[in-house]
Amino acid sequence: MGFLQRLLSGVPKGFTGELERDETVGAAATVRGGGHLLATSLGLWVPEPEGPRRIGWHLVSKATWGGGALEIVEAEEVGEAGTAVLLADLRPRRYVVEAPGKLPQAVHRRVTGSIRSRHYRELPGGGAWFIQRKLPGRDGTVLQVRPDPGTDAELVREIAAEVAAKMSGGLPDEENSQ
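Here we summarise the structure given alongside this text. This is a predicted model, so every value here is computed, not measured.

### Quick notes on the pairing of strand β11 (residues 141-147)
Now for step 1: Most of β11 sits inside the fold, with five of its seven residues counted as buried.
Now for step 2: As paired elements, strand β7 (residues 84-89) and β11 share two bridges and run parallel to each other. Residue pairing for β11: V85 is matched across the bridge by Q144.
Now for step 3: Where strand β10 (residues 126-134) lies against β11, seven bridges are found, and the strand directions are antiparallel. Looking at β11, one finds that A128 is bridged to P147.

### Focus on helix α2 (residues 103-114)
Now for step 1: Helix length check: α2, at twelve residues, gives a terminal C-alpha distance of 17 Å against a target of 16 Å (1.5 Å per residue), a fit within 8%.
Now for step 2: Listed as buried for α2 are L103, P104, A106, V107, V111 and S114. An end-on view of α2 places all buried positions within 165 degrees of arc, on one side of the element. Set apart from the buried face of α2 by more than 90 degrees, the exposed residues are H108 and R109.

### Some points on the nonpolar core
Now for step 1: Ranked by internal contacts, the top residues of the largest apolar core, which has 24 residues, are L37, L44, W57, L70, I72, L103 and V107.
Now for step 2: Of all the secondary-structure elements, those providing two or more residues to this core are β1 (25-30), β2 (36-40), β3 (43-46), β6 (69-81), β7 and α2.
Now for step 3: Leaving out residues up to four positions away in the same chain, L37 has contacts with A27, A28, A29, V31, W45, V46, P47, L70, Y95, V97 and L103.
Now for step 4: Membership of the second largest hydrophobic core comes to 13 residues, among which are L123, V156, V163 and A164.

### A closer look at the layout of surface pockets
Now for step 1: Taken as a whole, the largest pocket spans an internal volume of roughly 320 Å³.
Now for step 2: What lines the largest pocket is a set of 18 residues, among which S61, K62, A63, V111 and R118 lie closest to the centre.
Now for step 3: For the lining of the largest pocket, the elements supplying multiple residues, two or more each, are β5 (60-66), α2, β9 (115-123) and β10.
Now for step 4: Here the element with the most residues in the lining of the largest pocket is β5; it accounts for six residues.

### Comments concerning the packing of aromatic side chains
Now for step 1: Within this structure, the stated rule accounts for two aromatic pairs.
Now for step 2: Ring geometry for F15 versus W45: centroids 5.4 Å apart, planes at 90 degrees, classification edge-to-face. Of this pair, F15 sits in the loop between α1 (3-9) and β1 while W45 is found in strand β3, placing the two residues 30 residues apart along the sequence.
Now for step 3: Here F15 falls in the buried class, since its relative accessible area comes to 3%.

Conventions we followed
- Residues numbered from 1 in each chain as written.
- Predicted model: local features only at pLDDT ≥ 70, side-chain atom pairs only at ≥ 80, totals over all residues.
- Heavy atoms only, no water.
- Buried < 20%, exposed > 50% of the residue type's maximum accessible area, 1.4 Å probe, protein only.
- Helix = DSSP H or I, 4+ residues; strand = E, 2+ residues; numbered from the N terminus.
- Pairing = 2+ DSSP bridges.
- Expected span 1.5 Å × (residues − 1).
- Arc of directions from axis to C-beta.
- Core = buried A, V, L, I, M, F, W, Y, C linked by side-chain atoms within 4.5 Å.
- Contact = heavy atoms within 4.5 Å.
- 1 Å grid on protein atoms, 1.4 Å probe; cavity = no way out; pocket = protein on both sides within 12 Å on 5 of 7 lines; lining within 4 Å.
- Points joined across faces, edges and corners; volume = space filled by probe spheres on them.
- Phe/Tyr/Trp six-rings, centres within 6.5 Å; stacked < 30°, edge-to-face > 60°.

Spatial relationships are all this shows, so hold off on functional conclusions.
Here it is in structure tokens:
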């Protein structure tokens, strides 16, 4: 990417990630200690030892800003239940930035904008979040289910498959309409 193209696209000097052709930058900030955070149309780019990596907005479970740092809880896909995707949260990661600019607002807008509906259901041993989210760069939504640690995994899988089947059949889904 040439200098002028980088300047016009909002990509900071020194960023080595490869953006998709239609991926646009909403905000960027330099991370103390090296690297950049970029909020793009497809996800949040974070610095890694092997180079920048994009986390899709649909896999950001939580993002909080405070004390000059952005803390991210990323989810990983750990299975499927029908057409629902089962998630587990990774440990939080904290990025201290030099000058945040519009980054906190851009991250908040993208994370909350990807959520179409969410509902928490109490279950034996804990509970689970049932979340309908828009996938960046794709049409439609996906049902994600993120159980609390200790929740009966098989029960979560059964309920998630039932909810996904109701949703794909066009039937009203009381558990996710709230």
